[in-house]
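Given next are the chains, with one letter for each unit.
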Amino acid sequence: MRSLLQWWAEKRPSRAKAHGDSAAVTYGLKPVMAWMKLSPFKAIRVAQAGLLAIAICFSLGATDAGSRYTDLNHRLMCTCGCAEILGECNHVGCPNSTGELNELKDGIAAGQSDKEILNSFVGKYGAVVLAAPTGHGFDVVAWIAPFAVFAAATLGTILLVRRWSVGKTQIAALDTAAMDPAAREIREKIRRETGDDGGF
Amino acid sequence: MAAFGSLCLIIALALAAYNLLAGAVALRLLATGGQARISPERLADTARRAGIAGFVAVTMAALALLWSVFTNDFSLAYIFEHSNRALPGPYKFAALWSGQEGSLLLWAWLLATYGFVLRLTHKHDVKLYAYAGTILAAIQVFFLAILNFAAPPFALLPSFLAGGGIPDDGNGLNPLLQYPEMVIHPPMLYLGYVGFSVPFAFALGALMMRYPGEKWIRITRNWTMVTWLFLTVGIFLGMHWAYAVLGWGGYWGWDPVENASFMPWLTGTAFLHSVMMQEKKGMMKSWNVWLIFSTFLLTLLGTLLTRAGLVSSVHAFAQSSIGTWFVTFMGIVLAVCIFTYVLQHSHLKSEHHIESLVSRESSFLFNNLVLLVACFVILWGTLFPILSEYVVGNKVTVGAPWYNVVAVPIGIFLLLLTGVGPLLPWRATSFKSIRRNFVLPVIAFWVTVIICLIAGARPWVDGAFDTGHFYALVAFSVAAAVMTAIVSEFLRGAGVISRQTGRNVFSATYLLTRRNTRRYGGYLIHIGVVVIVIGLAGAAFNRNVESEMGLHSKMSVGPYTLECVGFTQDSNLNYNSEYALIDVYRGGKRQFQMTPEKRVYLITGQPQTMVAIHSVPSWDLYVVYEGSNPDTGQPIIKAFLNPLVGWIWAGLAVIVIGTVIALVPSLSPATASVRVPARVAPSEPALKGGH
């Protein structure tokens, strides 16, 4: 491993140099492409091939098999009040789970679709029998809100960082010239007194 | 004893009220320079002493309740409901927090204890401590008011009051609570919940008095870390209790009460990270203040969910109608926080300057973003059934399938940040630096993906894509990358020390950690989190079998063969029990015997499983004696093979060690010796290390 890393460290700059790419130490894919001797077109092809390989890898053996029973009993709740997934409910003397599991088996044996089976459970036990909100009506809000909040928060954070981002030179200027000397002295005093033993 | 306990609570309430009023008046006089017949300093000191006396009064009340439990005083309704004569001693002790009134008394006592320590150490900063002590007194007034008027622990049994005699025996403790962890899990959780009152009081106090600088953060840092540790340990003890007692083979069911303890943990963790931005850069002052406000409010919400029966929960051991009190108090706290913030927000103006999106500062921002979104997701999932019922009149269940889709990806992203954040330097970084720091973690990621796929941890089961297996694969791979990143940070630093001092790598790592305990303690905590995630991801590969087992019947799970070699019974004053004796074979050789148990408690007639667990690093063999089939009379045994569960508890141990290290002061930096002229004798302060 060490020799591999040494090879990486030694080889890479020389290849970048050989291609006349002086901006090897920058952000973006350009230095990587230069190092790999790739044109943009070839780079896209390589990326596509990589994604295809991963997709094939993950889909190997992905054939239709009879796992409906397990899948469905994990989409339903036990109704005895134990607040457990039907397929995982095993508490002593549960009065409901065995009956529910038998109903599920009967539904599958009768050739009902997943939707029909779930609807029959909802009709009998109410919407609380479903282990998660459905994708219809007000239930959709349960699914959308977390992702919407995550997206909004991410966007907000990026905008905040961009707003706060002033660059190296401006930081230096702010550190030295822009601040009132008295204020700077007070800040330094406070920082000295409050100490700084590292942290992360 | 009931009268004594009640008197103690009344006195404690009076003392807390005096502490609040006298403290508030004194601080007002100090702030405005007003005059009074007594100097504000002396008034503030009387308030502080009232707080100390209040601790003694609440302690006496708690001891009075314990005395009543141990002396079987069934004239008290609380003792009658939660204890009985045959209850073993440790569980009688646990009866203190097994019910509504007792657990509120525990809360009040812990708050009084924290306040006692705070008031004894007030000389660190008399004025700030006076503000914090007064705010703690306000919180204490609320809890003592509930204990005196809404949920009195020393209330007499109605039948006794009506002229009936004292019952011979009590109703006993809920069998689910008769487990060793229940003696320490609730106090730990409460130490965490109540402990967040202290940084909250300091933050609010510092804002009220426009405290200059960041010293208040430094003062409260250890409080916050200790509190966070208690909450962490409390949560994990609860998980272990659920694993060992509930008998369903899992440890986390996204139950509302579990979620309620997790939410303040998330915001508390965000606070512990973001205060570093304030300490280092003077940034995010308003954010930090609101983080600690939110954490405190979430601890109250957690208690509300546990105690008020707002949402249905398997943990609803003690429900009552104190919800209105909590909602009102939360409203008052929120109003005070908003009012103080609006009034004083100019004091929190920060210098926000970031050089690069790829920097330590940005990673802290994203860390806070993810932790807060995770908190929102859990709050949303917990409260959505109520919202749905309110909006469309249709109550729904938000269970594990929803959290697996919504919360698990966020958790994996957070895990990724756990590794990425510490690798980024402050201010800015370069492509070269990124490449140097991230090559090994990326290699570790892909190597782990390949190893997992080869070893059979593939994202499909029986030919169909399996979300759990996919997440497990991603979690293992990201965990490997993060572990590599953190370990390489240790080795890089240790390598430098090793070259400078000639020490071996272990000694150099020790010295590195001692020199910056906070940083490397923090890294250890991150390693603990990684180990826990590996353990959690193992759940995707759980297996179980269930069978009726007569004598010498066999069943197999994973590499083990279980043979039932007998059944036996036992009895004591508290319960009758049945055991199955199960010999476990591996590779044809007998390895050990397991004895899963089923108990029936005499006083309540309630059944309870006692799971037999054999734990090794690769998995837990978890055997449940479920009882007998009523049709055949045959005992039913369910066996689980739960991979990597032991890693979760090992990860907790690493987190505890890391936190303890982070609490230890770092070694002082080496100082250069100064040559002193021979004729000049060194001054005394200089000898003592002073200035």
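Not measured: the values here are computed from a predicted model.

A.B. asks: Hey, could you run me through the overall build of chain B in this one?
C.D. replies: Helix and strand counts for chain B stand at 21 helices and 12 strands. Relative to the compact-globule value of 26 Å for 691 residues, chain B shows a C-alpha radius of gyration of 28 Å, a close match. Overall size of chain B, expressed as C-alpha extent along the three principal axes, is 90 × 80 × 65 Å. The proportion of buried residues among the 691 residues of chain B is 51%. Long-range pairs, those at least 24 residues apart, make up 73% of the contacts in chain B with a sequence separation of at least 6.

A.B. asks: What am I meant to see in helix H9 (residues 197–208) of chain B here?
C.D. replies: It helps to recall that an α-helix has 3.6 residues per turn; residues three or four apart then point in one direction. Taking 1.5 Å per residue as the helical rise, H9(B) with its 12 residues ought to reach 16 Å, and the 16 Å between its terminal C-alpha atoms agrees with that figure. For H9(B), the complete set of buried residues consists of B:Ser197, B:Val198, B:Pro199, B:Phe200, B:Ala201, B:Phe202, B:Ala203, B:Leu204, B:Gly205, B:Ala206 and B:Leu207.

A.B. asks: Help me out: how do you make sense of the pairing of strand S4 (residues 554–557) of chain B in this one?
C.D. replies: Residue and element names in this part refer to chain B. Sheet topology note: the S4/strand S5 (residues 560–571) ladder contains 4 bridges and is antiparallel. Bridging from a neighbouring strand, Val-557 pairs with Tyr-560 of S5. Connecting S4 to the next strand, S5, in antiparallel fashion are 2 residues, including Gly-558 with a positive phi near 60 degrees.

A.B. asks: I tried to follow the sheet that holds strand S10 (residues 612–616) of chain B on my own but got confused; where do I start?
C.D. replies: Sheet strands line up and pair through hydrogen bonds in the backbone, either parallel or antiparallel. Residues and elements named next belong to chain B. The 4 strands are arranged S3-S12-S11-S10 in an open sheet whose pairing can be described as antiparallel. The outermost strands of the open sheet, each flanked by one partner alone, are strand S3 (543–548) and S10. The average angle at which neighbouring strand axes cross in this sheet is 10 degrees, direction not considered. With 5 bridges connecting them, S10 and strand S11 (residues 619–628) associate as antiparallel partners. Note on S11: the bridge partner recorded for Ser-615 is Asp-620. Across the sheet, helix H20 (residues 645–663) is in contact with S10, S11 and strand S12 (635–643); its angle to S10 comes to roughly 75 degrees.

A.B. asks: Sorry, what's going on with unusual backbone geometry here?
C.D. replies: Residues other than glycine predominantly adopt negative phi, and peptide bonds predominantly adopt the trans conformation. Residue and element names in this part refer to chain B. Positive phi is not limited to glycine here, since Asn-72 has a value of about 55 degrees. One non-glycine residue, Met-284, lies in positive phi territory at about 60 degrees. Relative to the helices and strands, Met-284 resides in the loop between helix H11 (256–281) and helix H12 (285–308). Met-284 gets classed as buried once you count the C-beta atoms within 10 Å, which come to 22.

A.B. asks: When you look at the domain arrangement of chain B in this model, what are you seeing that I'm missing?
C.D. replies: It is common to report an interface's size as the accessible area lost on association of the parts. Residue and element names in this part refer to chain B. Each domain of chain B was delimited in the assignment, giving domain 1 (1–175), domain 2 (179–350 + 360–394), domain 3 (400–540) and domain 4 (541–646). With 28 residues of domain 1 in contact, the opposing surface of domain 2 contributes 27 residues. Those elements that provide at least two residues to the side of domain 1 that touches domain 2 are helix H4 (89–94), helix H5 (100–120) and helix H6 (126–150). Top element by residues in the side of domain 1 that touches domain 2 is H6. It accounts for 10 residues. The residue makeup of the side of domain 1 that touches domain 2, split by class, is 20 nonpolar, 6 polar and 2 charged.

A.B. asks: Please clarify how the confidence of the model for chain B should be interpreted in this entry.
C.D. replies: Detailed conclusions should not be drawn from predicted coordinates in areas where pLDDT is low. Per-chain confidence: chain B averages 86 in pLDDT, with 93% of residues scoring 70 or above. Across residues 680–691 of chain B, confidence stays below pLDDT 50; counting only partners more than four residues off in sequence or on other chains, it has 4 contacts.

A.B. asks: What is the right way to look at the environment of B:Trp241 in this model?
C.D. replies: Residues and elements named next belong to chain B. You can see Trp-241 is positioned in helix H10 (residues 215–245). Separated by 62 residues in the primary sequence, Trp-241 and Tyr-179 place their C-alpha atoms 7.7 Å from one another. Aside from chain neighbours lying at most four places away, what touches Trp-241 is Tyr-179, Glu-181, Met-182 and His-185.

A.B. asks: Looking at this model, I keep getting lost on the packing of helix H2 (residues 40–70) of chain B against H6(B). Mind explaining?
C.D. replies: Axis angle and axis distance: for two packed helices, these are the angle between their axes and the distance between the axes, and together they describe the pair. Residues and elements named next belong to chain B. At a minimum axis distance of 10 Å, the contact between H2 and H6 shows a crossing angle of 45 degrees. By the criterion of interaxial angle, the relationship of H2 to H6 is oblique. Considering the relative orientation of H2 and H6, their crossing is left-handed. Touching Ala-44, Ala-47, Arg-48, Gly-51 and Gly-54 of H2 are Ala-130, Gly-133, Thr-134, Ala-137 and Gln-140, all from H6. For the contact of H2 with H6, the class distribution of residues is 4 nonpolar, 5 polar and 1 charged.

A.B. asks: I keep staring at the packing of H5(B) against helix H8 (residues 181–195) of chain B and nothing clicks. Help me out?
C.D. replies: All names here are of chain B. Where H5 contacts H8, the axes come no closer than 10 Å and their chain directions differ by 55 degrees. Between H5 and H8, the interaxial angle falls into the category oblique. Along this stretch, H5 crosses H8, giving a crossing that reads as right-handed. For the pair H5 and H8, contact is made by Ser-103, Leu-106, Trp-107, Leu-110, Leu-111 and Tyr-114 and by Pro-186, Pro-187, Tyr-190, Leu-191, Val-194 and Gly-195, respectively. For the contact of H5 with H8, a count of residues per class yields 10 nonpolar, 2 polar and no charged.

Conventions adopted
Residues numbered from 1 in each chain as written. Chains lettered and ligands numbered in written order. Predicted model: local features only at pLDDT ≥ 70, side-chain atom pairs only at ≥ 80, totals over all residues. Helix = DSSP H or I, 4+ residues; strand = E, 2+ residues; numbered from the N terminus. Rg over C-alpha atoms; globule rule 2.2 N^0.38 Å. Buried ≥ 20, exposed ≤ 12 C-beta atoms within 10 Å, placed from the backbone. Contact = placed C-beta atoms within 7 Å. Expected span 1.5 Å × (residues − 1). Pairing = 2+ DSSP bridges. Axes fitted to C-alpha atoms, helices over the stretch in contact; angles between N-to-C directions. Domains from an automatic or database assignment. Nonpolar A, V, L, I, M, F, W, Y, C, P; charged D, E, K, R; others polar. pLDDT = per-residue confidence, 0-100. Parallel < 35°, antiparallel > 145°, perpendicular 65-115°, else oblique. Left-handed = near helix turned anticlockwise from the far one by under 90°.

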